[in-house]
Amino acid sequence: MAMLNRVQVAQISESQPPKRAPGGWKSVKYILGNETFEKMAGMSLAANMVLYLRNMYNLDNVASIKMLMLWAAFGNILPLLGAFVADAWIGKFKTILYGSIASLLGMGVLTLTAAVPEMTPTHCRPGESNCEQPKAWQIAFLHLSLGLTAIGGGGIKPCNISFGADQFDTTTEKGKRQLGSFFNWYFFLFTVAIIFSLTAVVYIQTNVSWFLGFAVPTACFVVSITLFLIGRHTYVLVRPQGSIISDLVKVVVASFRKKNLTISNNGQTPFYDFTPPAPAKRLVRTTRLSFLDKAALITNMNELNDLGNPQNGWRLTSVQTVEHLKCILTSLPVLLTGVGCFIAMDQPATFGILQAIQMDRKVGTHFQVPPAWVKLSKMLTLSIWVLLYEKVFIPLTRKYSKKDRRLTVKQRLDIGIIFSIVSMVASGLVEKKRRELALGNGTNSFVSPMPVWYLILPFSLAGLVEAFAGITLMEHLTTSWPEIMRTVAGGIFFLTMSISSYVNTIIIAFIKSVTGGNGNSAWLEGSDFNKNRLDYYFYTIAALGLVNFVYFQLFAKHYLSSTPLVVYDSESQNDVVEMNEIA
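Residues numbered from 1 in each chain as written. Predicted model: local features only at pLDDT ≥ 70, side-chain atom pairs only at ≥ 80, totals over all residues. Heavy atoms only, no water.

You'll find the chain entered in an unreviewed UniProt entry as Proton-dependent oligopeptide transporter, with Trema orientale given as the organism. Here is the UniProt Sequence similarities (unreviewed entry) comment for the chain, exactly as written: "Belongs to the major facilitator superfamily. Proton-dependent oligopeptide transporter (POT/PTR) (TC 2.A.17) family." (UniProt positions renumbered as here; feature names shortened; annotations may be inferred.)

What follows is the structure, given as structure tokens:
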């Protein structure tokens, strides 16, 4: 038992519990304010970027979309690195702050490309085919600006939600309810920010100047950083306790090194474990993915030092770390479902805007709707659903059932997948009709007489995909994983979005390659959808959505059973491994 006591003392002395209670909504209001203005800036950049690349850099439709998707994919991979930095070294507060500064610098460089004519190629005239392509140094400055904003997002994305969640005491029922509302209000304000970006800022970019249109989001970043710093004295700051990402890699290595060992079924096998310091809870060892348990298997006393800690973390890890990795691996089938949903959800931001260019956007005789405005229907649908869910559905169920009932994760994902299929079918039907009207009567008009308002239906359906799949996946990861993994959960969520962008790029390249052979015109190429079959592309994504639905029903949904991903120990102090068993 002496060894056991040394283990407990060592682990408790490594980190001290927070000195004050969670900040609650007093702190969260500054975090939400920071995030709202940050999203106003970020979405003002992303909302119209495909048009900026097409009009200012003379890139064709497919080239513009590929660059946009690769930028999005790169920006969604970096959150894992941001999570590592936050957990291992500087904490969430500084990671968000430094990320915001990097994004501000990136917006500044992009604004410079719009302000100085020499930084972009000579603009194409309407109908001109042989357009000047951007020079290497011009593309380099463009990549610098996009790279800085991606790096900034890598620090902000994995930390903002988890930093907000840190402000609530989730050991109480009140704190859990507040956390659930926080997720919905986060996405609601996110949508409000997008609506601002898609109306005021997009109008300025389209009808006034790109320079002013990028200067506004640059100012938004300044406001975002200012709000974040104003609330710094109210935040609960969880000290970095080492990166869980590197610890997870150690589990893989340690379990592989001990792959030939066997675990006894009589319960006498000694495992290394400890009780984490408050407020973290100790996890109980589960039986799933039991081959990973070998990483925590103690083979002899030489694996421990005098304080009872592992001599080499690459040979021996704790049960706690093993269970963390199990959480991630168990969630992978569900995350794969999310990839399928995100592919459909992202279409309005790319092909949808370019569709709008070739539709009748006139309102009256003097005004044309900016192409990116059609994305408003997606965001408004998402906002309306969040308000109805929070303010109507939940209060009604509470009133009549006397319980706080919410739709389950499985129910919401079922609905989200179905909407992903329906939205792509609707997109295909709208595109088919748009193209027929443009080519009707032998006119071959670039702009179809079909009103742009027909895009509202597929865009709104895409908003429901985000409402039922995007929000649900983020909530599932953040609430079902241990609190110490919240930052990683944010990184994994955005990694899922990154994978969807890469997969979408591969699908586009594959379709262009397969359908463009033998002298035939590819479904996707050039800058005129009238010469393409974009509707076939949408139907292809819908077919993949159907495959995703079958996959979820037959396989992935079983990983959303009533059995929790983690099991907490109610008597943690009494369940530390009895080291004297092997003394």
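Q: Describe empty space enclosed by the protein, with residues and values.
A: This model, assessed by the stated rule, comprises 4 cavities of 30 Å³ or more. Of the pockets and cavities examined, the largest cavity occupies roughly 990 Å³. Around the largest cavity sit 42 residues that line it, and Met43, Ala46, Asn76, Lys157 and Met497 are the ones nearest its centre. Every element with two or more residues in the lining of the largest cavity is listed here: helix H2 (24–47), helix H4 (61–115), helix H5 (136–165), helix H6 (173–207), helix H9 (319–345), helix H11 (376–401), helix H13 (456–480) and helix H14 (486–515). Here the lining of the largest cavity gets 8 residues from one element, more than from any other, and that element is H4. When the residues that make up the lining of the largest cavity are grouped by side-chain class, the tally is 24 nonpolar, 11 polar and 7 charged. For the lining of the largest cavity, the domains that each give at least three residues are domain 1 (23–234) and domain 3 (327–566). Computed from the structure, the second largest cavity encloses a volume of approximately 70 Å³. Every residue along the wall of the second largest cavity is listed here: Gln347, Pro348, Gly352, Gln355, Met424, Ser427, Leu455, Pro458, Phe459, Ala462 and Phe538. Only helix H10 (351–357), helix H12 (409–439) and H13 provide two or more residues apiece to the lining of the second largest cavity. (1 Å grid on protein atoms, 1.4 Å probe; cavity = no way out; pocket = protein on both sides within 12 Å on 5 of 7 lines; lining within 4 Å. Points joined across faces, edges and corners; volume = space filled by probe spheres on them. Helix = DSSP H or I, 4+ residues; strand = E, 2+ residues; numbered from the N terminus. Nonpolar A, V, L, I, M, F, W, Y, C, P; charged D, E, K, R; others polar. Domains from an automatic or database assignment.)

Q: A description of the side chain of Asn309 should follow, citing residues and the corresponding values.
A: Inspection of the secondary structure puts Asn309 in the loop between helix H8 (244–257) and H9. You can call Asn309 buried: its relative accessible area is 12%. At 3.3 Å, the side chain of Asn309 forms a polar contact with the side chain of Tyr272. (Buried < 20%, exposed > 50% of the residue type's maximum accessible area, 1.4 Å probe, protein only. Polar contact = N/O pair within 3.5 Å; in protein donor to acceptor, adjacent residues only side chain to side chain.)

Q: Explain the side chain of Lys92 to me, using residue names and the numbers behind them.
A: For Lys92, the location among the structural elements is in helix H4. Here Lys92 falls in the buried class, since its relative accessible area comes to 11%. Within the structure, the side chain of Lys92 is placed 2.5 Å from the side chain of Asp166, a separation counted as a polar contact. Among residues more than four places away in sequence, those in contact with Lys92 are Ala86, Cys159, Ser162, Phe163, Asp166 and Thr487. (Contact = heavy atoms within 4.5 Å.)

Q: Could you give me a rundown of the packing of H13 against H14, with the residues and numbers involved?
A: It is at 9 Å that the axes of H13 and H14 come closest, and there the two elements cross at 150°. Comparing their axes, H14 and H13 come out roughly antiparallel. The interaxial crossing formed by H13 with H14 has right-handed handedness. On the side of H13, the interface is formed by Gly470, Leu473, Met474, Leu477 and Thr478, while H14 contributes Arg486, Ala489, Gly490, Ile492, Phe493 and Phe494. Split by residue class, the contact of H13 with H14 holds 7 nonpolar, 3 polar and 1 charged. (Axes fitted to C-alpha atoms, helices over the stretch in contact; angles between N-to-C directions. Parallel < 35°, antiparallel > 145°, perpendicular 65-115°, else oblique. Left-handed = near helix turned anticlockwise from the far one by under 90°.)

Q: An account of the environment of Pro158 is requested, with residue identities and associated values reported.
A: Summarising the element assignment, Pro158 is placed in helix H5. Linking Pro158 and Asn76, residues 82 residues apart in sequence, is a C-alpha distance of 9.5 Å. Those residues within four positions of Pro158 in sequence are excluded, and the remaining contacts are Pro79, Gly82, Ala83, Gly153, Arg486, Thr487, Gly490, Gly491 and Phe494.

Q: Lay out the packing of H2 against H6 with the relevant residues and their values.
A: Each pair of packed helices can be summarised by the angle the axes make with each other and by the distance between the axes. At a minimum axis separation of 8 Å, H2 and H6 run at an interaxial angle of 35°. With respect to the hand of their crossing, H2 and H6 are arranged in right-handed fashion. Split into classes, the residues belonging to the contact of H2 with H6 amount to 17 nonpolar, 5 polar and 2 charged.

Q: Tell me about the UniProt feature "transmembrane region" (unreviewed entry) in the chain, residues and numbers included.
A: Under the local residue numbering, the UniProt record ascribes the feature "transmembrane region" (unreviewed entry) to residues 69–90, 96–116, 183–204, 210–230, 413–430, 450–471, 492–511 and 536–556. Helix makes up 100% of residues 413–430 and strand 0%, and the two end C-alpha atoms of the span are 26 Å apart.

Q: Explain the pattern of salt bridges residue by residue, including any values.
A: By the definition in use, this model includes 14 salt bridges. One salt bridge connects Lys258 with Glu303, and the closest N-O pair in it is separated by 3.2 Å. Here Glu303 lies in the loop between H8 and H9 and Lys258 lies in the loop between H8 and H9, a separation of 45 residues in the sequence. Taken individually, Lys258 and Glu303 each receive the classification buried, so the pair is uniform in this respect. Arg412 serves as the salt-bridge partner of Glu475, at 3.2 Å between the closest nitrogen and oxygen. (Salt bridge = Lys/Arg side-chain N within 4 Å of Asp/Glu carboxyl O.)

Q: Pulling in residues and values, what's your account of unusual backbone geometry?
A: Positive phi outside glycine occurs at Asn58, with the angle close to 60°. Inspection of the secondary structure puts Asn58 in the loop between helix H3 (49–56) and H4. Not every positive phi belongs to a glycine, and Leu289 is a case in point at roughly 50°. Relative to the elements of secondary structure, Leu289 occurs in the loop between H8 and H9.

Q: An account of H8 is requested, with residue identities and associated values reported.
A: Taking 1.5 Å per residue, 14 residues should reach 20 Å; H8 reaches 20 Å between its end C-alpha atoms and fits that length. Buried residues of H8: Ile244, Leu248, Val251, Ala254 and Ser255, and no others. For H8, the arc enclosing every buried residue in end-on projection is 125°, short of the 170-degree limit, so these residues lie on one face. Turning to H8, the residues buried within the fold contact H4, H9 and H14. (Expected span 1.5 Å × (residues − 1). Arc of directions from axis to C-beta.)

Q: Outline the environment of Gly352, supporting the account with residue identities and numerical values.
A: Position of Gly352 relative to the elements: it lies in helix H10. Owing to a relative accessible area of 1%, Gly352 belongs among the buried residues under this scheme. Each C-alpha atom of the pair Gly352 and Glu431 lies 9.6 Å from the other, and the pair is 79 residues apart in sequence. Once residues lying within four places of it in the same chain are set aside, the contact partners of Gly352 are Gln347, Leu455 and Phe459.

Q: So what about H11? Which residues, and what values?
A: Taking 1.5 Å of rise per residue, 26 residues should cover 38 Å, and H11 covers 36 Å from first to last C-alpha, within 8% of that figure. The largest bend in H11 is about 40°, located at Tyr389. Those residues of H11 that fall on the buried side of the exposure criterion are Leu376, Ser377, Lys378, Met379, Thr381, Leu382, Ser383, Val386, Tyr389, Glu390, Ile394 and Thr397. Considering only its buried residues, H11 is in contact with H6, H9 and H13. (Bend = angle between axes of the 7 residues up to and from the residue.)

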